[in-house]
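Below are the chains, spelled out letter by letter.
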Amino acid sequence: MASNQSLRDQYSPPSTQWLFVPPPSSNLNAPGSSISNISSTSSKWTTRPAPNSIFDLSPSLNVGEPSSVDVPLLFRSLVASALLQYSSTAMVMPLEVGKLLLQIQWVPKDAPTQEPEEEVEEEIETLSDTTNEEESYFVDPTAGPTKYPAPKLVDDKGYVIRTSVMEDGTRPEYIIPVGSAGGPWSMMKRMANFRGEGWLSLWKGLLTSCIHDVIFTNVQPLVDSTLHSLVVSSQGGFYKPPLLLPVASHVLTGILLSPLDLVRTRLIAQSSTQRYRTYTGPLNAFSEILANEGGLKGIYFHPHLLIPTVLETGLRSLIHVTLPAMIAPRLGLGPHVAADTHPIAWVFAEVVASCAGLLVTLPIETVRRRLQVQTRGTATPLRTCVETRPVPYNGVVDALWHILTEERSDLPIRGLRRKRAGEKEKREGEQEDQMKVEGGGNWLRYTGIGQLYRGLGMRLAVSAIVFLFASVGGGDDAEGGWAEL
């Protein structure tokens, strides 16, 4: 009986020696290679193949290549990044322009109800054949109650004094009528159809906004890492940096870039009409502000500019850092929700915290925009394309108080249309009842709290869209932060 031939004697353990060079091709191609040779070569490492850069814009990852700077590749990368940032900013710029104009628009509470323009309808009267022309010829013109319009107030030079912002006759031609838009989208349409603005006005300040966003995105992490290195170097051993360091980095970066934000606000707010334009571009605006409003000290440390900047950037970053961790357990998401363990739940907590934080940050942002529009020093007042307060504010608290007490929030302002002469007497009682109901029921007519939250609906919609995209993408970019409008 023949015994079965065993393979145990032919087994040889693989080589434990690691080689980081490609194996010789002769050993692999030899026809008489033994099993031991094949097993020994299976543990050898080969060199990494040269990566294929996407669109030829990323640098090579091969460590064997010499570390030299490829200037054409670097230039193409910078151009592609700049075009991407510019196009993304241009997509949201019309909404930003509409929101900012609504924030700086002054709508006084005592403004009368605006009546829409109507076509004059003449009643056709049938003349009787028995009309006595001789009797009408001898009628005394002073016998009937003839009404004449009340004389308007004029100044020493004979110009009519503007007594209300709702008067079309005395309204400057470069100002959009007050109360004609109630949201960013309606303000966009109003600007596009306004004679002094047009469609191109929806992209005012685009270049300045793009530069501001690019610098902020690159400078803020640098400031944050610098602060962390200073804190860690001063503490010995293992030390967890405080959560207020990101807040401090946002505040410092916001103060550093506050002149760019000021120039952007002025460029958006000014009229696009050539004869009423104050600044011709970002450089001209920056030089004019430096020359007439106190130089670098005035543009950085004026209380009307510094305090709102610190409040807005500090509160916004503080809410983004602390509120999601505080609100997640109360939403039933669990006590240990984090971006790395529960990405979708963490994104949802960030969205809820962002929406809740808008109740605090939007009023501060509105006050900051209104104080930025005000000129200081020897600068001439800015001719804005919307109505602004004729008397300047004296600070953050003064602006909040006057917005709440002297403005109205029921935008857009609509009036009751006048009826025909034949229907006026028939529906006169119905109009009076309707005016009483509207005057007593619409509480926004008597408060300016809605003026502090212009653009709230747009922000909530953007937060919902961000959550949907993060949910579909699996929450991989949960720590990337938002780009709020």
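For the structure itself, look to the data block above.
Summary of the structure given here. All figures in this text were calculated on a predicted structure; none of them were measured in a lab. (Residues numbered from 1 in each chain as written. Predicted model: local features only at pLDDT ≥ 70, side-chain atom pairs only at ≥ 80, totals over all residues. Heavy atoms only, no water.)

**Considerations on the overall build of the chain**
Scanning the chain for helices and strands turns up 16 helices and zero strands. Going through the 485 residues of the chain one by one, you find that 33% of them count as buried. Within the chain, counting contacts between residues at least 6 apart in sequence, those at least 24 apart form 75% of the total. Only carbon and sulfur atoms are counted for the fraction: they give 61% of the accessible area of the chain, which is about 31,400 Å². (Helix = DSSP H or I, 4+ residues; strand = E, 2+ residues; numbered from the N terminus. Buried < 20%, exposed > 50% of the residue type's maximum accessible area, 1.4 Å probe, protein only. Contact = heavy atoms within 4.5 Å. Areas by Shrake-Rupley, 256 points an atom, 1.4 Å probe, with all protein chains shown as cover.)

**Observations regarding the packing of aromatic side chains**
Overall, the coordinates contain two aromatic pairs when judged by the stated rule. Geometrically, the ring pair formed by Y174 and Y276 is tilted, given 4.5 Å between the ring centres and 40° between the ring planes. Taken together, the positions of Y174 in the loop between α4 (133-137) and α5 (184-193) and Y276 in the loop between α8 (258-269) and α9 (282-292) put the pair 102 residues apart, joining distant regions of the chain. With respect to class, Y174 is no different from Y276; both count as buried. Arranged with centres 6.2 Å apart and planes meeting at 45°, the rings of Y300 and F301 form a pair that is tilted. (Phe/Tyr/Trp six-rings, centres within 6.5 Å; stacked < 30°, edge-to-face > 60°.)

**Thoughts on the environment of W443**
Summarising the element assignment, W443 is placed in the loop between α15 (428-441) and α16 (456-472). Here W443 falls in the exposed class, since its relative accessible area comes to 56%. Sequence spacing of W443 and R408 is 35 residues, and the spatial spacing of their C-alpha atoms is 9.2 Å.

**So, the nonpolar core**
Grouped together as the largest cluster of nonpolar side chains are 29 residues, with contacts concentrated most on L101, I104, M187, M191 and V386. Taken together, the elements giving at least two residues each to this core come down to α3 (71-104), α5, α8 and α9. It is α3 that provides the largest number of residues to this core, a total of seven residues. Residues within four places of V386 in sequence aside, it is in contact with L101, I104, Q105, I175, I176 and M187. Counting residues in each nonpolar core, the second largest holds 14 residues, with V165, M166, Y393 and L452 among its members. (Core = buried A, V, L, I, M, F, W, Y, C linked by side-chain atoms within 4.5 Å.)

**Examining a nonpolar patch on the surface**
A surface patch of nonpolar side chains, amounting to about 310 Å² of accessible area, comprises F75, V79 and L83. Here F75 shows up in helix α3. Relative accessible area serves as the criterion here: at 55%, F75 is assigned to the exposed category. (Patch = residues over 30% accessible without salt bridge, like charges linked within 9 Å, V, L, I, M, F, W, Y side chains within 5 Å. Salt bridge = Lys/Arg side-chain N within 4 Å of Asp/Glu carboxyl O.)

**Re the pattern of salt bridges**
Scanning all chains against the criterion turns up 17 salt bridges. The shortest N-O distance in the salt bridge between R195 and E173 comes to 3.8 Å. With a gap of 22 residues between them, R195 in the loop between α5 and α6 (206-234) and E173 in the loop between α4 and α5 connect regions that are remote in the sequence. When its relative accessible area of 71% is taken as the criterion, R195 is described as exposed. You can call E173 partly exposed: its relative accessible area is 37%. Between D261 and R369 there is a salt bridge, with its nearest N and O atoms 3.0 Å apart. With a gap of 108 residues between them, D261 in helix α8 and R369 in helix α12 (residues 343-373) connect regions that are remote in the sequence. Owing to a relative accessible area of 6%, D261 belongs among the buried residues under this scheme.

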